[in-house]
Amino acid sequence: MVDEIIKTMQGKMDKTVDALKKDFSTIRTGKANPMMVEDVRVDYYGTLTPLNQLGKIAVPEPRMILITPFEKGMLKDIEKAIFAAGLGLTPNNDGSSIRINIPELTGERRKELAKVVKSKAEDKKVAIRNIRRDANDDLKKHQAELSQDEMKGHQDKIQKITDSYIAKISDLEKEKEKEITTV
């Protein structure tokens, strides 16, 4: 029963860390990354479809994304969707593919992005703490079956696991901030 609570808690915490990694992958660092545009939704015959399902996304150069749609007729729709996504990217349609040049980040923009990274990381830390609280609440429901020492031991174990996930998030945050602030 306690193992099940801890296993469930770790599963939720893993998902939280994965969500943070995905959030960070969409933040521009001055280098091209296909993840920046792959979730852009394009109107494909009345259905909003992720861009990565409508064409090949490649990075031929460090600061360029190349999108080659499976259907040439989709070029205009893909171009519109990239503008509408508000990513601050300008697509160039050459008739057979779309090229997106990633501009160099200004010092001010780097600071703004570092704040965004800090904010996203803090949100995920709060989520981790909420998961810990839920696990402790579940543990308290079984308090009658456990001695005080066992209860304290399990709570300490939950806290150690929580601390390790908070540290993972902090490491990811530092890594992304370094990536953003490095010129």
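Counting starts from 1 at the beginning of each chain's written sequence and moves along it residue by residue. Given that the model is predicted, a residue must reach a pLDDT of at least 70 before its local features are reported, and side-chain atom pairs must reach 80 or more before they are shown or counted; all residues, however, enter totals for whole chains, interfaces and linings. The basis for every side-chain value is the complete set of non-hydrogen atoms in the structure, without hydrogens or water.

Draft legend 1. Examining the sheet that holds strand β5 (residues 91–93) more closely. The strand order across the open sheet built from four strands is β3-β4-β6-β5, with neighbouring strands paired in antiparallel fashion. With one partner strand each, in any of the chains shown, β3 (55–61) and β5 form the two edges of the open sheet. Strand-to-strand twist in this sheet, taken as the mean axis angle between neighbours without regard to direction, amounts to 25 degrees. In this description, strands pair whenever DSSP reports at least two bridges between them. By definition, any uninterrupted DSSP run of H or I lasting at least four residues is a helix, any uninterrupted run of E lasting at least two residues is a strand, and each is numbered from the N terminus. In terms of strand pairing, β3 meets strand β4 (residues 64–69) through five bridges, oriented antiparallel. Here an axis means a line fitted to C-alpha atoms, over the contact stretch when the element is a helix, while the angle between two N-to-C directions is reported on a 0 to 180 degree scale.

Draft legend 2. View of the pattern of salt bridges. The salt bridge criterion pairs a side-chain nitrogen of Lys or Arg with a carboxyl oxygen of Asp or Glu, the two atoms within 4 Å. Tallied over the entire structure, the rule returns 13 salt bridges. K152 serves as the salt-bridge partner of D156, at 3.3 Å between the closest nitrogen and oxygen. Taken together, the residues D156 and K152, both in helix α4 (residues 148–181) and four residues apart, mark about one turn of the helix. Residues K176 and E179 are paired through a salt bridge, measuring 3.4 Å at the closest nitrogen-oxygen approach. Separated by three residues within a single helix, K176 and E179 lie in helix α4, roughly one turn from each other.

Draft legend 3. Highlighting the packing of aromatic side chains. Only centres within 6.5 Å qualify two rings of Phe, Tyr or Trp (six-membered ring in Trp) as a pair; their planes then separate them into stacked at under 30 degrees, edge-to-face at over 60, and tilted for everything else. Inspection of the entire model under this criterion finds one aromatic pair. Geometrically, the ring pair formed by Y44 and Y45 is edge-to-face, given 4.8 Å between the ring centres and 70 degrees between the ring planes. Assessed through its relative accessible area of 25%, Y44 is described here as partly exposed. Given the relative accessible area of 66%, Y45 is considered exposed. Burial classes follow relative accessibility: with a 1.4 Å probe on protein chains only, a residue under 20% of its type's maximum area counts as buried, one over 50% as exposed, and anything between as partly exposed.

Draft legend 4. Examining the side chain of T16 more closely. Examined against the element boundaries, T16 turns out to sit in helix α1 (residues 2–25). Given a relative accessible area of 11%, T16 falls into the buried group. Any two residues whose heavy atoms approach within 4.5 Å are treated as being in contact. Discounting residues that sit within four places of it in the chain, T16 has contacts with K124, A127, I128 and I131.

Draft legend 5. Highlighting the packing of helix α3 (residues 107–141) against α4. Where α3 meets α4, the axes come as close as 10 Å, and the angle between the chain directions of the two elements is 170 degrees. Relative to α4, α3 is oriented roughly antiparallel. When residues are sorted by character, Ala, Val, Leu, Ile, Met, Phe, Trp, Tyr, Cys and Pro go into the nonpolar class, Asp, Glu, Lys and Arg into the charged class, and all the rest, Gly among them, into the polar class. Per-class residue counts for the contact of α3 with α4 are 13 nonpolar, seven polar and 10 charged. Here the word oblique covers every angle except those under 35 degrees (roughly parallel), over 145 (roughly antiparallel) and from 65 to 115 (roughly perpendicular).

Draft legend 6. Quick peek at the nonpolar core. Side-chain atoms within 4.5 Å link the members of a nonpolar core, which is a set of buried Ala, Val, Leu, Ile, Met, Phe, Trp, Tyr and Cys residues. Of all hydrophobic cores here, the largest spans 26 residues; its most connected members are M9, M13, F24 and L139. Other than its neighbours up to four places away in sequence, F24 contacts V117, K120, A121, L172, E173 and K176.

Draft legend 7. Up close: the pairing of strand β1 (residues 41–44). Pairing analysis gives four bridges linking β1 to strand β2 (residues 47–50), with the strands arranged antiparallel. Residue V42 lies in a different strand from β2, and its bridge partner there is T49. With antiparallel pairing between neighbouring strands as the criterion, β1 and β2 make up a hairpin whose turn holds two residues, including Y45 at a positive phi of roughly 55 degrees.

Draft legend 8. Spotlight on α3. Given the number of residues in a helix, its expected span is that number minus one, multiplied by 1.5 Å. Taking 1.5 Å of rise per residue, 35 residues should cover 51 Å, and α3 covers 52 Å from first to last C-alpha, within 8% of that figure. Against α1 and α4 lie the buried residues of α3.

Draft legend 9. Representation of the UniProt feature "domain: Ribosome recycling factor" (unreviewed entry) in the protein chain. UniProt positions are given in the numbering used here, feature names are shortened, and annotations may be inferred rather than shown by experiment. Mapped onto this structure's residue numbering, the UniProt feature "domain: Ribosome recycling factor" (unreviewed entry) falls at residues 20–180. The distance from the first to the last C-alpha atom of residues 20–180 is 16 Å, and the span holds 52% helix and 17% strand.

Draft legend 10. Up close: the packing of α1 against α4. Two elements in contact, α1 and α4, have axes whose closest approach is 11 Å; the angle formed by their N-to-C orientations is 10 degrees. The orientation of α1 relative to α4 falls into the category roughly parallel. The residues of α4 that touch α1, namely those facing V2, I6, M9, Q10, M13, D14, V17, L20, K21 and F24, are H154, K157, I158, I161, T162, Y165, K168, I169, L172, E173 and K176. Along the lines of polarity and charge, the residues of the contact of α1 with α4 split into 12 nonpolar, three polar and six charged.

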